[in-house]
Amino acid sequence: MGRRHASNARYKVGSVDLIRIVDAAPSVAAEVGESLNVAWSTEFDDLLTDPMVDAVVIAAPTPLHAEMVKLCAAASKHILCEKPIALDVETTVEAIEAARKHNVKLQVGFHRRFDPAWRAAFDRIQAGELGEVYQFHSSHRDLKPPSLERVRASGSIFVDAAIHDFDIARWLVGEIDEITTFGAALSNPDQLGLDNAVSVLRFASGALGVIDNSRVAGYGYDCRSEVMGSKATVRIGHPTQTDIEWLADGHESVDFVRDFAEGFAEAYGLELSDFAEAVRLDKEVAVSGEDGLAAFVLGTAAERSLAEGRTVRLNRKGTGRTVKYSMA
Ligand SMILES: NC(=O)c1ccc[n+]([C@@H]2O[C@H](COP(=O)([O-])OP(=O)(O)OC[C@H]3O[C@@H](n4cnc5c(N)ncnc54)[C@H](O)[C@@H]3O)[C@@H](O)[C@H]2O)c1
């Protein structure tokens, strides 16, 4: 993910100057730095002490995010942090508080909100074109799982992958009152563990939602959503590489994208561009630390629902950007 952000910063987002990249693995740091023709090192501190650096994009393994956020905040560097901010609520809150205390921007990496298709759907739902929302559906399936090392470092499928769907559900439909989750370890139960899950949501508005997640879809990276309303229904997502259907010899085929980097190439650039604009113009970031926390708590609620075999109710304090979820 760091490679993707670095390449976007270097070539795609004109408003950003990529100053340096840091990776703890010298071979990775050198390869990425040299391929992008920017300074590189293995020391995180080099970012913090460089007066040319206004902002840092954190795409290190998840357990390191929160400490890095705190260090960046203390060094007055704005932060775009990959999801989730941390693997527990307390640490997540500490990181958010650090950014607030030091008055730096903290944006969380929910790139789907910047994808033109999701954005267009959001705008039309906000404009009232869909009417009252009845149902939300989201499919988020990976062609194949990441490395076992990456899976083990990243928390459950709910806080690592489904977190994007919980965020998009909140964004497109609204706050969530209840989660009931089912899960199965099917492809490699001993090593990979849980690889398929379905969560059923009840929104505060009364609308219902279903999210399905898979690490082992086998056919492609398939990420789409649908919102059904009283006036219209919107289907979102373009999991094909090109807009063609190939018809031959009694068959029809499409060319699925293979991973998130292909599926959301444009969204990641727009995400970084929007973050840069928030920093430059001193605006609120589009996806706040609290949004990151809310989706994380929803992920942990799904974990609890599955572990305890019951529906988990959610409490909320505040609204909008300051909403705080907890489990009932
Ligand atoms: N938003 C998205 O669509 C998306 C997609 C993929 C990954 N991610 C997130 O990005 C993060 C990284 O995931 P990944 O798949 O790229 O992992 P990865 O393991 O492939 O890469 C992590 C990199 O961090 C480096 N690293 C380790 N410790 C470090 C340290 N102390 N300082 C600097 N660098 C260090 C590693 O050498 C490695 O190159 C995770 O938090 C993940 O959840 C988000």
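Look up: the structure comes first, before these words.
Residues numbered from 1 in each chain as written. Predicted model: local features only at pLDDT ≥ 70, side-chain atom pairs only at ≥ 80, totals over all residues. Heavy atoms only, no water.

*Asks:* How should I be thinking about the overall build of the protein chain in this particular structure?
*Replies:* Scanning the protein chain from N- to C-terminus turns up 12 helices and 15 strands. Rg of the C-alpha trace for the protein chain: 20 Å, near the compact-globule value of 20 Å for 328 residues, within the 12% margin. Overall, the C-alpha framework of the protein chain stretches about 55 × 50 × 45 Å when taken along its three principal axes. The buried share among the 328 residues of the protein chain stands at 46%. Taking as baseline every contact in the protein chain between residues at least 6 positions apart, the subset at least 24 positions apart corresponds to 67%. Of the accessible surface of the protein chain, which amounts to about 15500 Å², a share of 50% is contributed by carbon and sulfur atoms. A distance of 4 Å separates the average location of the 35 positive side-chain charges in the protein chain from that of its 49 negative side-chain charges. (Helix = DSSP H or I, 4+ residues; strand = E, 2+ residues; numbered from the N terminus. Rg over C-alpha atoms; globule rule 2.2 N^0.38 Å. Buried < 20%, exposed > 50% of the residue type's maximum accessible area, 1.4 Å probe, protein only. Contact = heavy atoms within 4.5 Å. Areas by Shrake-Rupley, 256 points an atom, 1.4 Å probe, with all protein chains shown as cover. Lys, Arg positive; Asp, Glu negative; His and termini not counted. Charge placed at Lys NZ, Arg CZ, Asp CG, Glu CD.)

*Asks:* Could you clarify how one ought to interpret the sheet that holds strand E10 (residues 222-229) in this entry?
*Replies:* An order of E11-E10-E6-E9-E8-E7-E14-E15 is seen for the 8 strands of this open sheet, with the pairing classed as mixed. Strands at the two margins of the open sheet, each flanked by one partner only, are strand E11 (233-236) and strand E15 (324-327). Between one strand axis and the next, the sheet turns through 15° on average, direction left out of account. Across 7 bridges, strand E6 (residues 133-141) lies against strand E9 (residues 208-214) in parallel orientation. Across the sheet, the residue bridging to histidine 140 is asparagine 213, located in E9. (Pairing = 2+ DSSP bridges. Axes fitted to C-alpha atoms, helices over the stretch in contact; angles between N-to-C directions.)

*Asks:* Mind showing me how you'd approach the side chain of aspartate 195 here?
*Replies:* Note on placement: aspartate 195 falls in the loop between strand E7 (176-184) and strand E8 (196-203). For the buried residue aspartate 195, which engages in no salt bridge, the nearest side chain bearing the opposite charge is arginine 215, 7.9 Å off. Among the polar contacts listed, one links the side chain of aspartate 195 to the side chain of serine 187, at a separation of 2.6 Å. Those residues in contact with aspartate 195, other than ones at most four positions away along the chain, are Ile157, Ala184, Ala185, Leu186, Ser187, Asn188, Asn213, Ser214, Arg215 and Val216. (Salt bridge = Lys/Arg side-chain N within 4 Å of Asp/Glu carboxyl O. Polar contact = N/O pair within 3.5 Å; in protein donor to acceptor, adjacent residues only side chain to side chain.)

*Asks:* Even after reading the chapter, I still don't get the pattern of salt bridges, so can you show me in this structure?
*Replies:* On inspection of all chains with the given rule, the structure shows 25 salt bridges. Residue glutamate 97 is joined to arginine 100 by a salt bridge in which the shortest nitrogen-to-oxygen separation is 3.0 Å. On the criterion of helical spacing, the pair formed by glutamate 97 and arginine 100 is a turn pair, its members being 3 residues apart in helix H5 (residues 89-101). The exposure class of arginine 100 is partly exposed, given its relative accessible area of 47%. With a shortest N-O distance of 2.6 Å, arginine 113 and aspartate 167 are connected by a salt bridge. Taken together, the residues arginine 113 in the loop between strand E5 (106-108) and helix H6 (116-126) and aspartate 167 in helix H9 (residues 162-172) connect sequence positions 54 residues apart. Here arginine 113 and aspartate 167 have matching classes, each one buried. Among the charged side chains, a network of salt bridges with common partners joins Arg113, Asp167, Arg170, Glu175 and Asp291.

*Asks:* Just checking my understanding: could you explain the nonpolar core for this structure?
*Replies:* For soluble globular proteins, nonpolar side chains are generally found buried alongside one another. Ranked by internal contacts, the top residues of the largest apolar core, which has 71 residues, are Ile79, Phe136, Phe166, Leu172, Ile176, Ile179 and Leu201. Other than its neighbours up to four places away in sequence, phenylalanine 166 contacts Phe158, Ile176, Ile179, Ser199, Leu201, Ile211, Ala295, Leu298, Gly299 and Ala302. With 16 residues, the next largest nonpolar core counts Val16, Val32, Phe275 and Ala278 among its residues. (Core = buried A, V, L, I, M, F, W, Y, C linked by side-chain atoms within 4.5 Å.)

*Asks:* Honestly, the packing of aromatic side chains in this entry has me stumped. Any pointers?
*Replies:* Each aromatic ring pair is summarised here by two numbers: the centre-to-centre distance and the angle between the ring planes. The final tally for this structure, using the stated rule, is 6 aromatic pairs. Considering the side-chain rings of tyrosine 221 and phenylalanine 264, the 6.2 Å spacing of their centres and the 80° angle between planes classify their relative orientation as edge-to-face. Remark: phenylalanine 264 occurs in the loop between helix H10 (260-263) and helix H11 (265-281) and tyrosine 221 occurs in the loop between E9 and E10; sequence separation between them is 43 residues. According to the relative accessible area criterion, tyrosine 221 is buried, its value standing at 3%. (Phe/Tyr/Trp six-rings, centres within 6.5 Å; stacked < 30°, edge-to-face > 60°.)

*Asks:* Could you clarify how one ought to interpret unusual backbone geometry in this entry?
*Replies:* If a residue is not glycine, its phi is most likely negative; likewise, a peptide bond is most likely trans. The omega angle of the peptide bond from lysine 83 to proline 84 is -20°, so this bond is cis rather than trans. Mapping proline 84 onto the fold places it in the loop between strand E4 (78-81) and H5. In this structure, asparagine 37 takes a positive phi of about 60° despite not being glycine. Inspection of the secondary structure assignment puts asparagine 37 in the loop between helix H2 (26-36) and strand E2 (39-41). In this structure asparagine 37 comes out as exposed when scored by relative accessible area, which is 63%.

*Asks:* Can you walk me through the pairing of E15 in this structure?
*Replies:* Residues in a regular strand project their side chains so that they alternate between the two faces of the sheet. Alignment of strand E14 (residues 312-317) against E15, held across 4 bridges, turns out to be antiparallel. Pairing of leucine 314 across the sheet is with methionine 327, part of E15. As consecutive antiparallel partners, E14 and E15 are separated by 6 residues, and within that stretch glycine 318 has a phi angle of approximately 75°, a positive value.

*Asks:* Can you help me understand the pairing of E9 in this one?
*Replies:* Here E9 lies mainly inside the structure; 5 of its 7 residues are buried. Taking the residues that link successive antiparallel strands as the turn, the E8-E9 hairpin has 4 residues, and the phi of glycine 206 there is positive, at about 105°.

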